Structures are given as C-alpha cells and as structure tokens.
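Results of the structural survey
Residues per chain are reported as follows:
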Amino acid sequence: MMLSASRSLAAARHVAKRPSSGRYYNMSTARGFAANNFQPQRRHQEFHNGKWFDNSTKRGRTWFSSFSSMNEPTLFSPSTITPDPIASISKADQISADDAMLRTDVRTMGTLLGDAIRMHHGEDVLNKVEALRGMAKESRTGGSKGAERLQPMADYVSQLSARELVVVSRAFAHFLGIANAAEAHQRCRRLKLDLLRETTDVNTSHIPTPIGALHATKRDSTAGVLSQLLYNPDSNHKKTSKEEIYKSLTTQTVELVLTAHPTQVNRRTLLEKHGRVQAILNDADEARVSSTPYQRQILDDALRREIASIWQTDEVSRVKPSPQSEAERGTLVIETVLWEVLPQFLRKLDATMKWSLGEEYGLPLTASPFKFASWMGGDRDGNPNVTPNVTREVCLTNRIKAAELLESDVRELMALISGDPPRGMEGDSSAVAYQRIRDRVGKEARAPYRSYLNPVAQKLGKTAQWAKQELKRVQKRSAGGVAGVQESDKFGDVLTADEVYLSKDELMDELMTVHQSLCETGNEVVANGRLADVIRKVSAFGLTLVPLDVRQESDRHAEALDCITKYLGLGSFLQWDEGARVNWITQQLQSKRPLIRTGDWNKPKNAEFFTPTAIDTLETFSMIAEQHEASLGAYVISQCTSASDILSVLLLQLDAGVKKPLRVVPLFETLDDLNGAVDTMEQLYNIPSYVGSLEGRKQEIMIGYSDSAKDAGRLAASWAQYETQVKLSELAKKYSIDVTYFHGKGGTVGRGGHPATFDAILSHAPGTINGQFRVTEQGEMINQNFGYSDRAERTLDIYTAAVLAEQHTERPLPTKEFKDMMDKLSQISCDAYRRIVRGDERFVPYFRAATPELELSNLNIGSRPAKRKASGGVESLRAIPWIFAWTQTRLNLPTWLGVGEAINQVLSSEDEQVLRKMYKEWGPFRTTIDLVEMILSKSDSSIARHYENVLVTDPKAVELGNEIREIHDATEHAVLDLAGHKKLSEHNHMLMRLMEVRNPYVDCLNVLQAETLKRLRQSEGSFEEEVLKDALLTTITGVANGTIQKDSLGSYLSYVHNRVDDKFMTDDNLL
C-alpha cells in the first residue's frame, strides 16, 4: 500500500525521516495493547440527583463501543469491505458506504481511546466520563430548558477532584480531536471518489469528458468554473472568449500570507499524531479494497498505538513559543506539504486548461498563480519579542530551508536527466541553450546535463552554508557576543555573499537553460517532467521560501521621528499638526541629506534624545536596509489614520539607506479609519514625491476585518469594508493608480472569515479584486487548509476558481436605495453594539467574569501579548482573544450584537419592504445575514447563562447578562423574520446534523470549564492551582476542537444517525 496523499504536514515530515525499510508502524510488532484481559460485559448504573443514569459500560469495551459482538476494535467491519469503491453503485449508495467507513473509523478510534483511559486511570474514572456523557445526552433530549438542563451535570462535576477534572476534560477534548481527524479524512475520501466518478458519469455529457485532474462538476473548482464559463454560461456570467479566460488564468495571482495569530490551540505534536492517524485511515481505505488479514491487522495495530500515544501526550503547551519557533512552525507547512503540492496542483491546472481551452492554452512554466509570504518574525505590532535580530534570524532560517530543499531537488534532477541528447545535435545552430551547456561542461562530457547541474547544486549547498554562518553570527550578537566578519566556525571556510545565490533570477536562468536545451533537442517530455516542477517551485518560493512582511503601529514611527526632530533641534514632531508633518516629510523626501547617521542613536551623548522604543524602531529600519533581495515583502502600518503615518515609513526607509524600499501598506482597521481612508489616500496621491515612490504606480492597501468588527460590530464593519474598497478603487482610477487590497481576515465569521472561500471572494465588491487577491491565513486555518496534501490542493483550487470566476461574473453595485438602507442599518447596529460594549459600565466586569478572557494568556499558543497595552481595557484587547473568549462560552456575541436591533427597527418602519427586497436581491447583504444566522444556530445562550450562574457574582453584571440574552433571542427572531425561515439554518441540514451530534460533548466541556474557572479563581496560591490550570487549558482546547472547525460546516459526520441498527453517536455507543 502507498502512503496517503492526504497525510498531514507533520506526518509527511515524520515519514520522510523514517528508515527506508519501515513505515509509521512496525510490521513485526505484535499487538501492543491487545493483551488486556477484558472481562465479560456488565451493566453499570449511577444514582445522582434523584435519577439513575445508565453508563452502558462494558467492562472490557467501554465508551465508544457499538457492537457487543466486536471482540477487538477494527477498521475493517463487514460494511466497509468493498471490491471497487465506485463500480456499479449509485452515488447515494456510495455516500452510504462512505458513511459506514466514517462510522467505523470514529467508533474504532473511540473504543481505543476508551481502552487507553481505562488502562491508565482505571474503570472508575471511565465510569465518571460515561456518567457525564449520559447526563449531557439526557439534557439535550429531556424536557428541561435553559441553563437548568445543565444543573445535574454541574452538580456532578462539582464532586470531581481537581485531577479528575483534568482526566475527564482530556477524554472529551481528545475524542473531539480524533473525530476531527476522521472527518478531515472523510472529506478527502469524498473528493477522491467524486473525481473518479466524474470521468464515468453520464450526467457530465454537456461538457467534454472530464480528465479527472480537477473537479469539473463542482462550482468552486477551476475545472467547474471553466465548464460553466465555456459550456453553460448563465445571465450572471460575462460573455467571455477562450483568449480572455486564458489571459485571466495566466495573469491572476493569489498571495497567501501566513500569520502566527494564536488561534491554533492544538500542540504541533498532537497535530502530527492526528496526521499519522489520517495516513493510517487512508491506507485502511486501500486495504478495504484489497488486502490480506495480516495487512489489515497491521493497520489496526498501528492505529491502536497512535491512539494510545495521543492519550499519553500532554495537550497543554508548557512554554510560550518564541517568535523564531512560531516562524519555524508556520513555514513547516511550506516545507512538508506545499513544496510538492503546489507544483502538483499547477500540473493539474495546466492539464485542465488544455482540456477546456485547447492544447495551445497550457499554463506557462513561469506563471505565478500563487505567492506566499509570512508575518511570523516580522510582525512587531504590540509584540516586544520581535526584535530586529529576530527578523534577521527568521530571514536567514528561511534562506537555509529554501536552499536545502532546492539543492535536494537539483540533485534529484541530476539523476533523472543523466543522458546525452541524440547524436548530431551538437552542430545544430538552433540549439542555442544546448550549445551554452556544452560551452560550460565541454564537448567530451558524457552526461552534459548532470555536469551542468552539479555546480548549481554545489552553489545551493554553499548558499545554505553561508546562511547558517550568518545566522550563527546574528545569534551570537543577540546573546551579547561579538561575531567578526572573518570569524571561523564549524561550517569551515568563511563564505561571502559573492559565492552564493542571492537572486532567484540567477537560479531560474540556470534551470530554464536546461529546460530550453531539452526542448531544443527533442526531449520535451523530459523537460516538462520533474524539471518543470522545480522551475515552478523557484517561481513561487524563490530563495527565501516566504518573504516576511514587517508590521508596526503608526505611533512607533511618529515617536522615532519625534526623537529625530528633537535631536536636530527642530522641535517636537508629535506636537506638529498634520499639515506641518506632511510638509516637513515631503521636503525631506526631496532632500538627499540623511537626517541621522546609522547608530548615532546609540551613542551615550545622544541618550537624552532617543527613547528605547524609538531606538528599536530605528534599528528595525537599519535591519531592513541590510536584507538581500526578496527577504522582505511589505511594510504594514497598523492603526494608520493619516497621510503622515504612511509618509513617515517611506522617509525612515530612505533615511536608513534602503536601496529598494519595501512597499508601504496602510492598514485601515477601525470604523473611523475606514471612513477616513479615501481622504488619506487622496492626499497622498496629490504628493508627487509619494506617487513617484510607487513602483509601477501600484498601491497596496490593507483592510482590517477583525478589528473593525470589534470596533463597530459585524454589520457596520462589513458595510464600511465594502464601501471603502469601492470608493478607494474609484479614487485610484481617478489618479491612474493600480490598487491591490490586502484582506486581513481571520478564520471565524467574527474576524471576517467565511466557511465557503469561493462565495466569500465573490461577495467582494466588483472592481476591487481584478485578478489580484492578497489575504492572511491565520492560526488554526493554516493547518486546516494546508496541513494535508489533499486539502491543500483543494484549497489552491478553490482560490484559483474564485479569483477566475470573480473576473467573469456580473455583480452589480448596490442601488442608491440599497446604499441608503445599508447606511441606516449600519448606524443603528453600530450604536446598539457600542452602547453595550463601550457605553455600559457593567460590560467589562461581566465580560471578564463570565468568560475565560483573563485566563487565555496562560494558553502559551502565541508569542504576542493578548493586549497591545497591558493597562488597557477591552478597547486594547486584540480581536482574536476577544472573539475566542465569546466562542468558549458559545454566546458568540461580537458576531450578532447590533444586528437584531437594526433589522427590527427597520422592519417596524416604512422601509420594511426595501429591507426585504435588499435581502432577496443583493448578494453581499444576504451573505452577511446568512452568516449571522449560521452563527446564531451554533450559539447557545443557555450555556452562557450557566457560566453566569457559576461565575458572575456582581448583581449589576448579572443584570446585564440577562439583558444580553434577551437581545440574543430578539436577534434570532429578527433574522428568522427577514430570512423567511421558521428555524435557524433550516436549509443547512449538514450543519444541523453536526450541531445535534457535537453539542452534548461540547456541553460537557463547557460545564467542566465553568467549574474549573470557579475553583481556579478561588484557589489562587493553593496546591491545586497548577492542576486546575491544566484542566482549564484542556477544556479550552476541547471546546475549540468542538466548535471552531471552519470546514466542519460542510460535511462533518455525514450519516443517517437515527438508524435503528447503528445509533452512531446518538446513543450509548459513542462517548
């Protein structure tokens, strides 16, 4: 059997390091945990709170068991064995078969997890887990409503010891983790089968027979978009020729910017283990088609060991990561997944273009549909841990990784392209590239390509060696030592920059020479093999793997210039008005005289002028000036409010001697910033020296989705983001500026995310993307979207399809009637949101008592502090912990607060019909309301009420909690009224099924979390405090696993759960 193409990024890393003779499981290992002496089945019941709760516990097979006849857990139940996954069965039958495999996967892993718990903690602890699970299911199906339904569970967990709280919380958290892994594999399984089915499905007769590269029948696949545009266009699609589509595909670019925002609560170790689980599940799929009993036994054993290892792995991060380790963790997805997946996808895209457009319309070899960048190691906004030396270290580390990966690829090419061209080609004057190769290696070389590529590989090796040498020097300086230029080290002779690759163009020329030579000599098939993949890697990743953006808040630049103007005797820059600042900076931009010499700020005689933060800022610009080509990308200015904020960064770069200044990107992130963005940019476009600094008259502008929503509420922020981009695009057109937007979105709806990437891109305002889409990939979304090769390829396909479709889809701007309505809704919703969050003195005490916000800093999942300013209140809290805290209590307040008030007020006015018409006819507004409806369906105010009952003691805060829940209920009614629904998300059957399945288990974690928070806040300094912290962090991880999975909204646990013979996860069979 072959290893899964959908293994996780860490699984790939793990397998790559294993000995060549072994796998991720040992073929000779006997059943490691099968020696347990399981006792006969015995029923257990527990009396609590006046009721008997049936644990349905089997002595030998507790927790997730489904069949009493199942002696040992196995992935190979009779219902999953099939000789052919697609032959002669209908799609409905195939879905049923898929569901059977998913049920078997989860049931087997759950059983193994139960075994591990019993083995390490005993039957009594497992019985307590079962009792709590039973109560949770009873609370969902019984007659009790509201927070009262949780009281039996709360009474029960109050009797658990601190250590039992940890174990029970771990049980539920780990189950949800492995359930996520099984569901992720299920999606990959479905995608593979759908692709196979397309090539034989008669229902695709309206298009050319699909070749099975990309999904021709999915609207969010590039092949599907091409099929729609070419063979089945509708009124929403522009009339488009093949040439226009080809131009779009070959010029469009999606740039994905990886950020270290701390929403990935699972440790990398556990993600690696979940990846290995998915690799085993993939092999089990193949074994279900054809395998021996021994091979199936090996897979069962491997799964047993992995689940046992998961249970024994600490899920709590004990040490806060450094920015360097964050960067290493973030780029791991590039090294182990995207490095191979991207060229594989581009090969499929090339085949799809030829299939749909014609053989002459293939993807050019150097086309760059995707670029990658990173904030990890460059984002210093509010993070004092990111110093200039940290950025130096990360840039060098990225160069090391890129050089090593490319050296390995080139040496592979040397083995693959080892022969001579056909005889007689030596004298062909048309074979220019071949003659160039011969001129270097000599006419007598027997393997000219190998000889030509060998010095390329050697130079790449030297490049890695040089970067390691420089990294060592930087690290020594950081530690307080002195590293001289001529210092010898363990890397041998000191290398200089002249001996290595610093420009990707130099390396690209070498590879393209080989490619051209092969084509000239009749070896196109060889040229377009592995060599083409390597060329595409160099095009996408270059010699730096990912360039770093630098981000800093605007106040830091103003402070640095204030220190400089005082040093120069010009007064205080901070005390000048905006006009004076702009005039002075403009004059300096036209002057060639430096304001201050590098390092003068560190001289003792100047100490009175320069603050420590100003020195750090100036050192950052000196660091930028040192960097080699493509190490850095953009300079993003957070909290940007004025033209001087942008001009300051340009001036500081030029004054530091930056030869090619980084593009300066203003980040508009509050409602006021967004509303003032047009005036700010128009002022800049009227300054000749600024426009002259724009390379190709291109301006990048970042839109902050998270912070604007935190500032004004979801509805007002969404409209401001939309309207601002429209106005900025019109302004750019007026001044002949080519504007690109950088979308700072998170994974959740409250931070600007959307579970359907394709629809999210199409909901952007027309004329604002134009084939160029730059967006952040944050936290847990990096692993969810790119941690597994199948999923990474699908994500690349969706982005490509969406940006292509956006260019060829008619999407009108809102009418004046709709604009006026949006203005009205935004104002009402913003006022209602701010009245609670900013204007109510009860809010902060309520928020901090009723949520784990204060405790989130103990998670150790990010190097950056949770607040920009340690002394600040909610206004200084970052958007991520703001959203994360409300997600934990399942109230999700930031997403819906203010929306209901706006809808209700308009529905009760004379504008009712305009609002209803806008919902039906204008897609972006409907998308926003539907997202709010989806979040409301996932919310549970009874859980929030339980937190209040347990944790909130201030009467005024309790009173506010009651008011907020009333607003929540009123918002539900308002959204249902506008959408014309009787039940929230009533048409999203998959989501409803998901919630029905998961809610009881997340309920358990919420009750455990509330009890743990209560004890923790009462036990400061006690001997139990550290144990309780572990319990709390475990519940936080578990709730996150159960609620924030973006992809879960699609197809999680797609099964008929009420079948009599298999009551999967709705009876005592699971959890």
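Above this text sits the structure in question.
Residues numbered from 1 in each chain as written. Predicted model: local features only at pLDDT ≥ 70, side-chain atom pairs only at ≥ 80, totals over all residues. Heavy atoms only, no water.

1. Re unusual backbone geometry
- The residue L545 is not glycine, and still its phi comes out positive at about 65°.
- Relative to the helices and strands, L545 resides in the loop between helix 16 (530-541) and strand 5 (548-553).
- Residue classification places L545 among the buried residues on the basis of a relative accessible area of 0%.
- Within the chain, Q639 stands out as a residue other than glycine whose phi angle is a positive 55°.
- Secondary-structure assignment places Q639 in the loop between strand 6 (632-638) and helix 20 (643-655).
- On the basis of relative accessibility, which here comes to 27%, the residue Q639 falls in the partly exposed class. (Helix = DSSP H or I, 4+ residues; strand = E, 2+ residues; numbered from the N terminus. Buried < 20%, exposed > 50% of the residue type's maximum accessible area, 1.4 Å probe, protein only.)

2. Considering the pattern of salt bridges
- Scanning the model with the defined rule gives 67 salt bridges in all.
- With a shortest N-O distance of 2.9 Å, D285 and R189 are connected by a salt bridge. Highlighted residues: D285 in helix 8 (residues 268-289) and R189 in helix 5 (residues 162-198), separated in sequence by 96 residues. The residues D285 and R189 share a single accessibility class, namely buried.
- Sharing partners across several salt bridges, the network here consists of E340, R347, D409, E412, R530, D533 and K537. (Salt bridge = Lys/Arg side-chain N within 4 Å of Asp/Glu carboxyl O.)

3. Things to note about the packing of aromatic side chains
- Summed over all chains, the structure comprises 24 aromatic pairs.
- Linked through ring pairs, F843, Y846, F847, W882 and W886 together constitute an aromatic cluster.
- The aromatic ring of Y705 is capped on one face by K745, whose charged end is 4.8 Å from the ring centroid.
- Positioned above the aromatic ring of F742 is the side chain of R774, whose terminal nitrogen or guanidinium carbon lies 4.3 Å from the ring centre. (Phe/Tyr/Trp six-rings, centres within 6.5 Å; stacked < 30°, edge-to-face > 60°. Lys NZ or Arg CZ within 6 Å of the ring centre and 35° of its normal.)

4. Section: the packing of helix 10 (residues 323-357) against helix 27 (residues 789-807)
- Contact geometry of helix 10 with helix 27 gives a least axis separation of 9 Å together with a crossing angle of 50°. When the axis of helix 10 is compared with that of helix 27, the two are oblique. In the packing of helix 10 onto helix 27, the handedness of the crossing is right-handed. Contacts from V337, L338, V341, L342, F345, K348 and L349 of helix 10 reach helix 27 at S789, A792, E793, L796, D797 and T800.
- Split into classes, the residues belonging to the contact of helix 10 with helix 27 amount to 8 nonpolar, 2 polar and 3 charged. (Axes fitted to C-alpha atoms, helices over the stretch in contact; angles between N-to-C directions. Parallel < 35°, antiparallel > 145°, perpendicular 65-115°, else oblique. Left-handed = near helix turned anticlockwise from the far one by under 90°. Contact = heavy atoms within 4.5 Å. Nonpolar A, V, L, I, M, F, W, Y, C, P; charged D, E, K, R; others polar.)

Nothing here speaks to function; it is geometry throughout.
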